[in-house]
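# Per-entry structural report
Listed below, chain by chain, are the residues.
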Amino acid sequence: MNFPRFVARRMMQLVPVIFGIVLIVFLFVRLIPGDPASIMLGAYATPETLAALRTDLGLDRPIWAQFGIFLGDLAQGQFGSSMVYRRPVLEVVLERMPATMMLTVYAVVLSLLICVPLAVIAALHNNGLVDQIIRSVTTLALAMPTFWLGLNLLILFAVIMPLFPVAGYGATFGQRLWHLFLPALTIALHLAPTLMRTLRSTIIEVMQSPHVEFARTKGLPPGKLIRRHVLRNGLMATVTILGVNIGWLMGGSVVIENVFNVPGLGSLIISSVDARDYPVIQGIALVFGLLVIVINLATDLVYAILDPRVTYE
Amino acid sequence: MAYAGHWLERRLGAATAATALSAVALSMAALSILPGDAAAQTPVRGGKIVIARSADITVWDPKYTNDTLTLQAQGQIYGNLLQSSPDGKTLQPSLAESYEVSADGRVYTFKLRPTAKFCDGSPVTAEDVKFTFDRAMEKDSRVLWQFPNKPSVEALDPATVRITLDKANVAFARYLTLWGTHVLSKSYTEKVGVQEMGQKPLGSGAFCMDRFVKGQVTILKRNPGYWDTGKPYLDEVELRFVQDENAAVLQLRSGQVDVAMSVPFSQAESLKRAPGVVPAMVTLDATAAIVPNLKTVPAVADVKVRKAMLMALDRQAMVDALLFGNGEPAQSPFYGPGVLFHTRDFGIKHDLEAAKALMAESAFPKGFTAKMLIPSGDEMAGQAAVIVKDQLAKIGITIDVQPTESGTWFSLWSGGNFELVYKLGSNLVGDPAQNMPFDFWSVEEGGRNAAFSSYRNEEIVKISKAAEGETDPAKRAAMYREVQRIAMSEVPQIYLFHPSVVFATRDHVKGFAVYPTRMVRLSDVWRTK
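The present account deals with the structure reproduced in this document. Every value quoted in this text rests on a predicted model; they were computed, and no experiment measured them.

### Quick notes on the pairing of strand β8 (residues 207–213) of chain B
Where β8(B) and strand β9 (residues 217–222) of chain B come together, six bridges link them in antiparallel fashion. Bridged to B:F207 within β9(B) is B:R222.

Here it is, written out as structure tokens:
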């Protein structure tokens, strides 16, 4: 069985990628003007107190020495300590992770719920009026900036018609589904058009293939035909597009979380950049990077479920 | 004079007499903040209120705190040696029931209140106070500025603390009301460690922290051992994190919360008509100002140009447009009417013709062009900049507004790499001595090079240094009046306005107020039903 070896090899490939992410983030946060010590101490800082705090935070050392310390800590699974929250970075980041993860998964589910039926209907009415309407409406959704779309949904469904909360996260799973609906829908509406278009064109393509023609002539009912022979083949390309878009999804959640006040990684990274909380920024970038990589890996693995012919070497 | 009856000034005038403060004076001060007819009502004990706040608490360790909303919450669970009165003008006893100051103004001796207890029931001792001060003055502290004149602390006996300054500073006691000196329990902090203490604090304030759900709510419960018998009135307070101010107002209207800590100005009017909601406004001890850099812009080194800039600005119109009238034009270098000795007597009125005439007399009659840094994302700064740009254009000054990310904005400003910069500064102790070093002194003198502007006035520096240790209140008042007179004739900064904040409560909430320092004291709050 090649599968475990495939996963192991992919994992090995991750090491240089992660090192790259770490290095870039480490250098970039230090390139932004404004150092953490002067932001923390504010206008009343004197040169002596600033120097003392810089020493305390290790900011007075050469940048390569700082990077070395950071790498050494990382190798031991230590992400350092947040300068603002005064707690281990990992703790702060992991606390915020469930909200972002739930939002992302929720958005993916919603976008599939939107795109699959629409794609099937559009494909069945290829170039007909229904197809045209579906395609133009979804293009419109794609053309709108997410934060603007989000604000409009907020005004419509939380202020004018108070069906959903304006902001927040909730305590129980049910409450969270309710709280995160509008932000997830915002992301889903932005993601669905791309998925829908891919799915629609592959469905049209698959529908014309000989095996579908055969299934149709042998008298398979249309519903079964679509489910069993068309969608399964058509979803391959959509899953690829989805996998590629996960990175965008995570990035998009930064904006959306701030619009909807979701206590996730997105709002944390913004406040951390404001405060120049270097360890937290580095931690989040690393977590985001890892997530994108892991999800891409998972996408590859999903192929095997959708298409038994796929093997891993 | 308004400050003649000021407790601190009076007792420093006496210089040595120990002053025991009566509970009567205390409760009267507490009542004075109750709005209107509510003052006639008797506070009721019990119940719970929910307060919507636009930011979460970062950490409960005061040593590492510098954001307003976190320290607003810390103030409810921690006790200090002294506390300021609701109007910020006077000092009141707290964990210390009395204190005396030596004749030279350098040695403060505090008598701790025997009934003061932490939330775990243990007494507040002199060792705890010493531990707190020593810790807050360590070099990684964010609150070092709250310890002027190098105080050294000794625990003389369990109930007596002696603080010695290297030089007299009349305003020193006022710093003891700030969060840097929130008294920590030495044994608790040493037992659980600093990190744990930052999440599960132990204080001796009116309330105890019961539950802290990050990003969501904090539940405070009454401290049964609170020294001020009968207080707090409320059994429980819920601090709810509602990031969006408009959302908070919606929740207030629908009764889901009892207090909205900050209300957008645009909503203040309509809230007045909302049933069951009482909006209120407080002018902050803060000034929005434009700091000119005398080194990089030759024109602003000319006092006539600076004065013309101030005169050309219709600052009342600015207050009306930006703050919907909630605020006032700044007529003094002091940070607001709540600051001691503040006077509007030397204020400069809007007069476009006079401004034009001054420009014509100056060395730059044709005007000049300058870049103005503002922190991006700061709505008030952005709107103020638009008005400033428009009005200064009338006297030939072209302003190029440059919104800059806040961290970068601060680093450019504090590094002196700017031409003009918009800033919002504040006074947290109610005494002008707090801001003098920053606004007027050089770096060598412990200041910040006159707000990094390179402005220098020897007279102001000399007087403000002397005023710091002046124990005669009348003399001190005259000195600070002189500082204001000189500053307003020199216009070292283009003082714009003192902003305000609007907050709102449900009508069953009584005794709630936001102080000019943006602090609140929930121990005074009660509800009628």
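Picking up where we left off.
### So, the side chain of B:D431
Looking at where B:D431 falls in the secondary structure, it is placed in the loop between β17 (420–426) and α15 (436–440). Contact partners of B:D431, with chain neighbours within four places excluded, come to B:A171, B:R174, B:V339, B:L340, B:R476 and B:Y480.

### Details of the sheet that holds strand β4 (residues 96–101) of chain B
All names here are of chain B. The four strands are arranged β4-β5-β7-β6 in an open sheet whose pairing can be described as antiparallel. What marks the edges here is a single partner per strand, and that holds for β4 and β6 (152–157). Going from strand to strand, the sheet's axes swing by 20° on average, the running direction of each strand aside. Packed onto the sheet, helix α4 (residues 126–136) meets β5 (107–112), β6 and β7 (160–164) and runs at close to 170° relative to β6.

### Some points on the pattern of salt bridges
Inspection of every chain in the model, using the stated rule, returns 37 salt bridges over all chains. Its salt-bridge partner being B:K214, residue A:E95 comes within 3.5 Å of it at the nearest N-O pair. One end of the pair, A:E95, is in helix α5 (residues 89–124); the other, B:K214, is in the loop between β8 and β9, on a second chain. Between B:K272 and B:E269 there is a salt bridge whose closest N-O contact spans 2.8 Å. Taken together, the residues span about one helical turn, with B:K272 and B:E269 both in helix α9 (residues 265–272) at a distance of three residues. Its relative accessible area of 46% is what places B:E269 among the partly exposed residues.

### Comments concerning helix α11 (residues 315–323) of chain B
Taken together, the buried positions of α11(B) are B:R315, B:M318, B:V319, B:L322 and B:L323. Here the buried residues of α11(B) occupy an arc of 100° about the axis, which is enough to place them on one side.

### Looking at the nonpolar core
Core analysis: the biggest nonpolar cluster contains 223 residues, and B:L81, B:F110, B:I163, B:L496, B:F497 and B:F512 have the highest contact counts within it. Element by element, the count of residues in this core is highest for α5(A), at 16 residues. Discounting residues that sit within four places of it in the chain, B:F110 has contacts with B:L81, B:L82, B:A96, B:S98, B:Y99, B:A159, B:T160, B:V161, B:I163 and B:L176. Core analysis: the next-biggest nonpolar cluster, separate from the first, contains 13 residues, A:A37, A:L50, A:L59 and A:A285 among them.

Cut-offs and rules
- Residues numbered from 1 in each chain as written.
- Chains lettered and ligands numbered in written order.
- Predicted model: local features only at pLDDT ≥ 70, side-chain atom pairs only at ≥ 80, totals over all residues.
- Heavy atoms only, no water.
- Pairing = 2+ DSSP bridges.
- Helix = DSSP H or I, 4+ residues; strand = E, 2+ residues; numbered from the N terminus.
- Contact = heavy atoms within 4.5 Å.
- Axes fitted to C-alpha atoms, helices over the stretch in contact; angles between N-to-C directions.
- Salt bridge = Lys/Arg side-chain N within 4 Å of Asp/Glu carboxyl O.
- Buried < 20%, exposed > 50% of the residue type's maximum accessible area, 1.4 Å probe, protein only.
- Arc of directions from axis to C-beta.
- Core = buried A, V, L, I, M, F, W, Y, C linked by side-chain atoms within 4.5 Å.

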